[in-house]
Amino acid sequence: MADAPKAVLGPLVGAVDQGTSSTRFLVFNPQTAELLCHHQVEIAQEFPKEGWVEQDPKAILQSVYECIEKACEKLGQQSIDISNIKAIGVTNQRETTIVWDKFTGEPLYNAVVWLDLRTQSTVENLSKSISVSNNFVKNKTGLPISTYFSAVKLHWLIENVRKVQKAIEDGRAIFGTVDSWLIWCMTGGINGGVHCTDVSNASRTMLFNIHSLQWDEELCDFFGIPMTILPRIRSSSEIYGLVKSGVLEGVPISGCLGDQSAALVGQLCLQDGQAKSTYGTGCFLLCNTGQKCVNSEHGLLTTVAYQLGRQEPVYYALEGSVAIAGAVVSWIKNNLQIIQSSSEIEKLAEVAGTSYGCYFVPAFSGLYAPYWDPSARGIICGLTQFTNKFHIAFAALEAVCFQTREILDAMNSDCGIPLTHLQVDGGMTANRVLMQLQADILCIPVMKPFMPETTALGVAMAAGAAEGVSVWSLDPKDLSSVQMEKFEPQINVEESEGRYATWKKAVLKSMGWVLTQSPDGRDPSIFSSLTLGFYVVSSMVILIGARYM
């Protein structure tokens with residue numbers, strides 16, 4: 001029997017969406033922005049020590065190849081010819097740090113994930129050496145010195161991993177965030193792979209001057225990073241190279257955006273003052289500030305949003321970053337084991353209908369915006385004998401909403417014009433209880449697109465619009481408005497404010513919880529002091545002896 005004729009759709013665009021917990025490859029029709037197919041693979045995280053979070057770079061890469069292959073098989077099952085795919089975009093978890101050997105292609109250490117806390121003592125030491133009145137790091141990067149960003153992770157690798165040190169000495173080491181690693185490998189690796197990143201990812205390293213749009217020599221010296229290992233900086237929409245192997249060999253990679261920037265583009269927040277919030281492993285609220293840098297007075301980050309073409313202007317954003325959002329659901333599933341799948345938390349919370357005075361601060365990786373306190377730790381408070389798993393599930397979802405409220409308050413203060421609604425996206429937005437809670441706690445409507453894959457859509461738009469590809473128009477008149485579902489607030493403002501005020505009390509109790517770990521990763525303890533340790537042990541001996549005298 002002859003094969004079925006292939007469907008004629010015109011040019012298509014693929015998007016690699018490499019996140020903290022999963023990798024996906026999605027294929028879009030630029031004429032309609034319709035998602036035609038996708039494939040997803042879960043990604044494991046490793047926790048070698050408390051506070052350490054790592055991933056295997058080779059497993060990340062393999063997941064990308066697997067997703068591309070499986071998604072292309074699904075296109076074939078729809079009788080769609082994969083030769084219609086004219087470009088690929090890459091969007092990625094940001095700040096996660098990889099160093100590899102450019103001659104062998106082998107990673108020199110696991111990827112150090114953005115959530116990782118091992119650099120807390122490094123951050124404190126570096127912060128002490130900067131004048132409060134002349135914080136050149138914040139002035140140049142828009143970022144506070146934090147465990148979150150790539151520079152301190154890279155500093156740690158250089159200081160602590162002999163393989164990395166040796167490779168740098170031998171001129172073999174190169175560094176990149178996940179986008180750089182993927183693009184280098186996919187465009188040939190050791191056989192001519194392109195070592196680059198885009199402005200949105202570069203702006204999350206703490207080595208990039210967001211005003212000059214270049215790697216900064218003073219910053220690199222401060223963090224002890226040789227500039228020779230850094231990738232070349234490119235715009236977010238241009239041809240970087242061609243895929244060198246697999247089913248899409250020869251297709252250009254022509255879009256690159258950090259995941260939160262990609263979601264901003266995918267939500268069509270392309271004008272000054274437009275904002276979106278993405279609910280994934282963490283929660284990230286970005287407000288487009290146009291072609292001007294806006295410095296935050298309330299704990300937000302100034303970051304590069306995108307540059308959609310080499311000759312196009314750079315757009316900036318204010319960002320509020322929350323470390324733990326969807327990750328709190330994973331924690332309840334994997335650590336407490338009170339649900340079997342992440343989707344079950346919605347049912348538990350719906351049964352409860354309230355936290356019954358229970359408040360959850362999921363500061364598992366410290367607190368990000370607006371506090372920037374790496375010493376904070378998670379707490380559950382307000383417990384009574386009546387509290388059960390249903391109340392804890394509700395409190396966990398409510399915590400995501402309270403954290404977003406803190407960010408929104410800071411953003412409204414910085415921008416001076418309060419948002420009248422919030423556009424949302426990301427995996428957690430499938431949870432309708434969460435969306436209604438969010439509207440109740442913000443006291444403004446929450447707008448959720450019917451097509452939830454806005455992160456992948458954003459980088460597909462960038463890839464399809466690149467010079468030399470030009471299959472996706474970014475002209476405002478050609479962009480269809482995003483169809484939204486609206487969640488209106490259903491509780492009165494007084495109740496919302498009261499719950500929020502109690503949450504803020506809980507946050508204060510979570511702060512300053514841990515002492516800095518020693519550089520070798522050991523927890524500080526009383527026995528680290530020989531004199532104090534001897535005193536405690538001898539006292540115990542005397543007490544035990546006295547009992548039998």
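Keep in mind that this is a model prediction, so the values were computed, not measured.

Visitor: Any details on the UniProt feature "domain: Carbohydrate kinase FGGY C-terminal" (unreviewed entry) in the chain? Residues and values, ideally.
Guide: Listed under "domain: Carbohydrate kinase FGGY C-terminal" (unreviewed entry) in the UniProt record, and renumbered for this structure, are residues 276-466. Helix makes up 37% of residues 276-466 and strand 21%, with an end-to-end C-alpha separation of 24 Å.

Visitor: A description of the sheet that holds strand E22 (residues 446-449) should follow, citing residues and the corresponding values.
Guide: In spatial order, the strands read E17-E18-E16-E15-E21-E22-E23; together these 7 strands make up an open sheet with mixed pairing. Either end of the sheet is taken by a strand with one partner, and the two such strands are strand E17 (301-306) and strand E23 (484-487). Taking each pair of neighbouring strands and ignoring which way they run, the sheet shows an average axis angle of 30 degrees. With 2 bridges connecting them, strand E21 (residues 422-425) and E22 associate as parallel partners.

Visitor: How would you sum up the sheet that holds strand E3 (residues 34-42)? Please name residues and give values.
Guide: The strand order E3-E2-E1-E5-E14-E13 describes an open sheet built from 6 strands, whose pairing is mixed. This sheet does not close on itself; its edge strands, each paired only once, are E3 and strand E13 (237-242). Each adjacent strand pair in this sheet contributes to an overall mean axis angle of 25 degrees, direction not counted. Where strand E1 (residues 12-18) meets strand E2 (residues 22-29), 6 bridges bridge the pair, whose relative direction is antiparallel. Residue aspartate 17 lies in a different strand from E2, and its bridge partner there is arginine 24. Contacting E1, E2, E3 and strand E5 (85-92), helix H1 (residues 57-77) crosses the sheet at an angle of about 140 degrees to E3. With respect to the sheet, helix H9 (residues 259-266) is in contact with E5 and strand E14 (252-258), its orientation differing from that of E14 by roughly 100 degrees.

Visitor: Please give an account of the packing of helix H12 (residues 389-415) against helix H15 (residues 493-510) that cites residues and values.
Guide: Close contact between H12 and H15 brings their axes to 10 Å; oriented N to C, the two are set at 95 degrees. It follows that H12 is roughly perpendicular to H15 by the angle criterion. Contact residues: Phe394, Glu398, Ala399, Phe402, Gln403, Arg405, Glu406 and Asp409 in H12; Ser496, Glu497, Arg499, Tyr500, Trp503, Lys504 and Val507 in H15. In terms of residue class, the contact of H12 with H15 is built from 6 nonpolar, 2 polar and 7 charged.

Visitor: Describe the side chain of threonine 119, with residues and values.
Guide: Inspection of the secondary structure puts threonine 119 in the loop between strand E7 (111-112) and helix H2 (120-128). Apart from the residues lying within four places of it in its own chain, the contact partners of threonine 119 are Thr147, Val152, Lys153 and Trp156.

Visitor: Quick rundown of the side chain of threonine 20? Include the residues and the values.
Guide: When you line up the elements, threonine 20 lands in the loop between E1 and E2. On the basis of relative accessibility, which here comes to 8%, the residue threonine 20 falls in the buried class. Within the local environment of threonine 20, its side chain forms a polar contact with the side chain of tryptophan 114, the two groups lying 2.9 Å apart. Each residue touching threonine 20, except ones within four places of it in the same chain, is listed here: Ile43, Gln45, Gln55, Gln93, Val113, Trp114 and Thr281.

Visitor: Account for the packing of H1 against helix H6 (residues 178-186), naming residues and giving values.
Guide: At a closest axis distance of 11 Å, the pairing of H1 and H6 adopts a crossing angle of 60 degrees. Overall, the two elements H1 and H6 adopt an arrangement that is oblique. The way H1 lies across H6 gives a crossing that is right-handed. Each of Pro57, Lys58, Ile60, Leu61, Val64, Tyr65 and Ile68 in H1 lies in contact with H6, whose residues at this interface are Val178, Trp181, Leu182, Cys185 and Met186. Here the contact of H1 with H6 is composed, by residue class, of 11 nonpolar, no polar and 1 charged.

Visitor: Break down the nonpolar core for me, citing the residues and quoting the values.
Guide: Counting residues in hydrophobic clusters, the biggest one holds 141 residues, and the most contacted among them are Val137, Leu207, Phe223, Ile225 and Tyr279. When residues of this core are assigned to their parent elements, the largest contribution, 14 residues, is made by H12. Setting aside anything within four residues of it in sequence, one finds valine 137 in contact with Ile130, Gly142, Leu143, Ile145, Met206, Leu219, Phe222 and Phe223. Of all hydrophobic cores here, the second largest spans 38 residues; its members include Ile43, Ile174, Leu182 and Ile183.

Visitor: For the pattern of salt bridges, give the residues involved together with the corresponding values.
Guide: If charged atoms from side chains of opposite charge come close, those side chains can pair. The full count for this structure, using the stated rule, is 27 salt bridges. Of the charged contacts in the structure, one is a salt bridge between glutamate 238 and arginine 234, with a shortest N-O distance of 2.8 Å. There is no split in this pair, since glutamate 238 and arginine 234 are both buried. The residue lysine 292 makes a salt bridge to aspartate 272 at a minimum N-O spacing of 2.7 Å.

Visitor: Explain the environment of arginine 94 residue by residue, including any values.
Guide: In this fold, arginine 94 is placed in the loop between E5 and strand E6 (98-101). On the basis of relative accessible area, arginine 94 is assigned to the buried category, the value being 4%. What arginine 94 contacts, discounting residues up to four positions off in sequence, is Trp114, Tyr148, Asn201, Arg204, Gly258, Asp259, Gln260, Phe284 and Glu319. There is a polar contact of 3.5 Å between the side chain of arginine 94 and the side chain of aspartate 259.

Visitor: Lay out unusual backbone geometry in plain terms, naming residues and giving numbers.
Guide: Cis geometry is found at the peptide bond from alanine 369 to proline 370, where omega equals 0 degrees. Considering the arrangement of structural elements, one finds proline 370 in the loop between strand E19 (359-361) and strand E20 (379-381). In this model, leucine 213 sits at a positive phi of 65 degrees, which is unusual for a non-glycine residue.

Visitor: So what's going on with the packing of aromatic side chains? Residues and values would help.
Guide: What describes a pair of aromatic rings is the distance from one ring centre to the other and the angle between the planes of the rings. Applying the stated criterion across every chain yields a total of 24 aromatic pairs. Geometrically, the ring pair formed by phenylalanine 360 and phenylalanine 364 is edge-to-face, given 6.3 Å between the ring centres and 65 degrees between the ring planes. Geometrically, the ring pair formed by phenylalanine 402 and tyrosine 500 is stacked, given 6.3 Å between the ring centres and 25 degrees between the ring planes. Of the two residues, phenylalanine 402 sits in helix H12 while tyrosine 500 sits in helix H15, which places them 98 residues apart along the sequence. The structure contains a cluster of three or more aromatic residues connected by ring pairs, namely Trp114, Tyr148, Phe149, Phe284, Tyr368 and Trp372. The positively charged end of arginine 118 is found above the aromatic ring belonging to tryptophan 52, 3.8 Å away from the centroid. The ring of tryptophan 156 has arginine 118 sitting right over it, with the charged end atom 4.6 Å from the ring centre.

Definitions and limits used
- Residue positions are counted from 1 within each chain, in the order its sequence is given.
- Owing to the predicted nature of the model, reporting of local features is limited to residues with pLDDT of at least 70; listing and counting of side-chain atom pairs is limited to 80 or more, with chain, interface and lining totals taken over all residues.
- In computing side-chain properties, one takes all heavy atoms of the structure into account and sets aside hydrogens as well as water.
- UniProt positions are given in the numbering used here, feature names are shortened, and annotations may be inferred rather than shown by experiment.
- Going along the chain from the N terminus, every DSSP run of H or I of four or more residues is numbered as a helix, and every run of E of two or more is numbered as a strand.
- Two strands are counted as paired when DSSP detects at least two bridges linking them.
- Axis definition: a line fitted to C-alpha atoms, over the contacting stretch in the case of helices. Angles run 0 to 180 degrees between N-to-C directions.
- Note on definitions: a residue-residue contact is assigned when non-hydrogen atoms from the two residues lie within 4.5 Å.
- Should an angle lie under 35 degrees it is considered roughly parallel, over 145 roughly antiparallel, and from 65 to 115 roughly perpendicular; all remaining angles are considered oblique.
- Ten residue types, Ala, Val, Leu, Ile, Met, Phe, Trp, Tyr, Cys and Pro, are classed as nonpolar, four, Asp, Glu, Lys and Arg, as charged, and the remainder, Gly among them, as polar.
- Only protein chains enter the accessibility calculation, which uses a 1.4 Å probe; a residue whose area is less than 20% of its type maximum is buried, one above 50% is exposed, and one in between is partly exposed.
- Pairs of N or O atoms are called polar contacts if they sit within 3.5 Å, as long as, within protein, a hydrogen donor faces a hydrogen acceptor (for residues adjacent in sequence, only side-chain-to-side-chain pairs).
- Each crossing gets its hand from how the near helix is turned against the far one by less than a right angle, where anticlockwise is left-handed and clockwise is right-handed.
- Nonpolar cores were defined as sets of buried Ala, Val, Leu, Ile, Met, Phe, Trp, Tyr and Cys residues, with membership established by side-chain atoms within 4.5 Å.
- Basic side-chain nitrogens of Lys or Arg form a salt bridge, by our definition, when they fall within 4 Å of a carboxyl oxygen of Asp or Glu.
- When two rings of Phe, Tyr or Trp (its six-membered ring) have centres within 6.5 Å they constitute a pair, described as stacked for plane angles under 30 degrees, edge-to-face for angles over 60, and tilted for the intermediate range.
- Lysine and arginine charges are scored as sitting over a ring when NZ or CZ, respectively, is within 6 Å of the ring centre and within 35 degrees of the ring normal.

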